[in-house]
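What follows is the residue order along each chain.
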Amino acid sequence: MATTVRTAGALARPGRRFLSQQTLEGYACILPWLLGFACFVAGPMVAALLISLTDWSMLEPPIWIGLDNYQRMLKDPLFYTVLVNTAYISFLAVPLHLIVALGIALGLNEKLTGVNIYRTIFYLPSQMPIVASALLWLWVFNPDFGLANALLNVLNLPPLRWLFDPTLSKPSIVLITMWGGIGTPMIIFLAGLQGVPESLYEAANIDGAGSFARFRHITLPMLSPIIFFNLIIGVIASFQAYFTLVFITTQGGPANTSLIFILYIYFKAFRDFDMGYAAALAWTLFLIVLALTGINFLLARFWVHYEGGERT
């Protein structure tokens, strides 16, 4: 019996050494990513948190003030303005992106002649540099000689000021985001549609289900994980990725009607050199995005379906 135990122990120890070696090799493989994350993500986040607790104008040494920047934020009327502007653009642009991208993907999933050309045409705008796209749309929406007003003139409609009108600045930005914001989710939707088993549609046809019934009871449930993924990415991007577009087209105007959160952070940091307050705004934006992402994950269990009946 003792010999058997010693033999089993001898066999087990190499296994443990093998697993330990595998673990070390795994950490060695991700070490470059871990170093990059620590240096360029986690480190700057911790530094920003510490800066947010100081009064630092970059011209003088920082002064520790605790939570004063966060208390100041609650009394800043422009903070609420940028919050409303950002929410308006985000909650309008993200659903529109998802609906239009899904609609285009449904059309491009059909077996049509030259469908690959159409897929390329719809996807290309998303690969266009943001600066070039912003300059293009700045010309399109020019109130004096822009293409948009030229089309309105053809239709005998009065010209609009688009980006230069306080009431139209945010809707105009949402329209611009449609240009480059639907290509990527469209491709992801298209991949998801091609993964839906044809047998489900065939069974539905046998049962007499119409096109809308097949879309409602087969396509949408099967695509719900894809919709959820695009929703999460879209919400995060809408709070962070529109900086270049707004900076080039309106710079937050007119009258701060298009001033979004990320642009306000930039102005506070690099125009007003109020780094402490800018860092506090940045951390507030991070917490807002984190909260929205968490809410989406909590709600996902009620509508996101996975094969085998699993839910998030």
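What counts as what
Residues numbered from 1 in each chain as written. Predicted model: local features only at pLDDT ≥ 70, side-chain atom pairs only at ≥ 80, totals over all residues. Heavy atoms only, no water. Buried < 20%, exposed > 50% of the residue type's maximum accessible area, 1.4 Å probe, protein only. Helix = DSSP H or I, 4+ residues; strand = E, 2+ residues; numbered from the N terminus. Arc of directions from axis to C-beta. Contact = heavy atoms within 4.5 Å. Phe/Tyr/Trp six-rings, centres within 6.5 Å; stacked < 30°, edge-to-face > 60°. Lys NZ or Arg CZ within 6 Å of the ring centre and 35° of its normal. Domains from an automatic or database assignment. Buried area = accessible area lost by both parts, 1.4 Å probe. Salt bridge = Lys/Arg side-chain N within 4 Å of Asp/Glu carboxyl O. Polar contact = N/O pair within 3.5 Å; in protein donor to acceptor, adjacent residues only side chain to side chain. Nonpolar A, V, L, I, M, F, W, Y, C, P; charged D, E, K, R; others polar. Core = buried A, V, L, I, M, F, W, Y, C linked by side-chain atoms within 4.5 Å.

### Some thoughts on helix H5 (residues 130-140)
Burial in H5 covers these residues: Ser133, Ala134, Trp137 and Val140. Take H5 and look down its axis: the buried residues cluster within an arc of 120°, on one side only. Lining the buried residues of H5 we find helix H6 (147-154), helix H7 (169-181) and helix H11 (243-249).

### Here we look at the packing of aromatic side chains
Summed over all chains, the structure comprises 14 aromatic pairs. Aromatic pair Phe243 and Phe247: ring centres 5.6 Å apart, planes at 15°, arrangement stacked. With Phe243 and Phe247 both in helix H11 and four residues apart, the pair spans about one turn of that helix. With a relative accessible area of 22%, Phe243 lands in the partly exposed category. Put simply, the rings of Phe243, Phe247, Tyr266, Phe267 and Phe270 touch in pairs and so form one group of aromatic residues. Over the ring of Tyr277 we find Arg72, and its NZ or CZ is 3.9 Å from the ring centre. A cation over a ring is seen here: Arg271 above Phe267, with NZ or CZ 4.3 Å from the ring centre.

### Describing the domain arrangement of the protein chain
Domain annotation of the protein chain identifies domain 1 (15-64) and domain 2 (69-303). The gap between the C-alpha centroids of domain 1 and domain 2 is 31 Å. Domain 1 puts ten residues into the contact, and the matching count from domain 2 is eleven residues. A buried area of about 880 Å², summed over both sides, lies between domain 1 and domain 2, and 68% of it is on carbon and sulfur atoms. Looking at the side of domain 1 facing domain 2, the largest losses of area belong to Met45, Ser52 and Met58, adding up to 47% of the total buried there. Joining domain 1 to domain 2, the criterion identifies zero salt bridges. Taken together, domain 1 and domain 2 are joined by five residue pairs in polar contact (both at pLDDT 80 or more). With four residues, the single largest contributor to the side of domain 1 that touches domain 2 is helix H1 (residues 2-51). Among the residues forming the side of domain 1 that touches domain 2, the class breakdown is seven nonpolar, three polar and no charged.

### Considerations on the nonpolar core
In globular proteins that are soluble, nonpolar side chains generally tend to be buried together. If you look at the biggest cluster of nonpolar residues, it comprises 53 residues, and the most contacted ones within it are Phe141, Phe189, Phe261 and Leu281. At eleven residues, helix H3 (residues 77-108) tops the list of elements feeding residues into this core. Every residue in contact with Phe141, bar those within four places of it in the chain, is listed here: Ala148, Arg161, Trp162, Leu163, Phe164, Ser172, Leu175 and Ile176.

### A few points about the pattern of salt bridges
Considering all chains together, one arrives at three salt bridges under this definition. Across the pair Asp274 and Arg72 runs a salt bridge, and its minimum N-O distance is 2.7 Å. Here Asp274 is found in the loop between helix H12 (261-270) and helix H13 (275-300), whereas its partner Arg72 is found in helix H2 (residues 68-74), with 202 residues between them in sequence. Since its relative accessible area comes to 34%, Arg72 is described here as partly exposed. Between Asp272 and Arg271 there is a salt bridge whose closest N-O contact spans 3.5 Å. Overall, Asp272 belongs to the partly exposed group, its relative accessible area being 38%. Three or more residues are tied together by salt bridges with common partners; here these are Lys268, Arg271 and Asp272.

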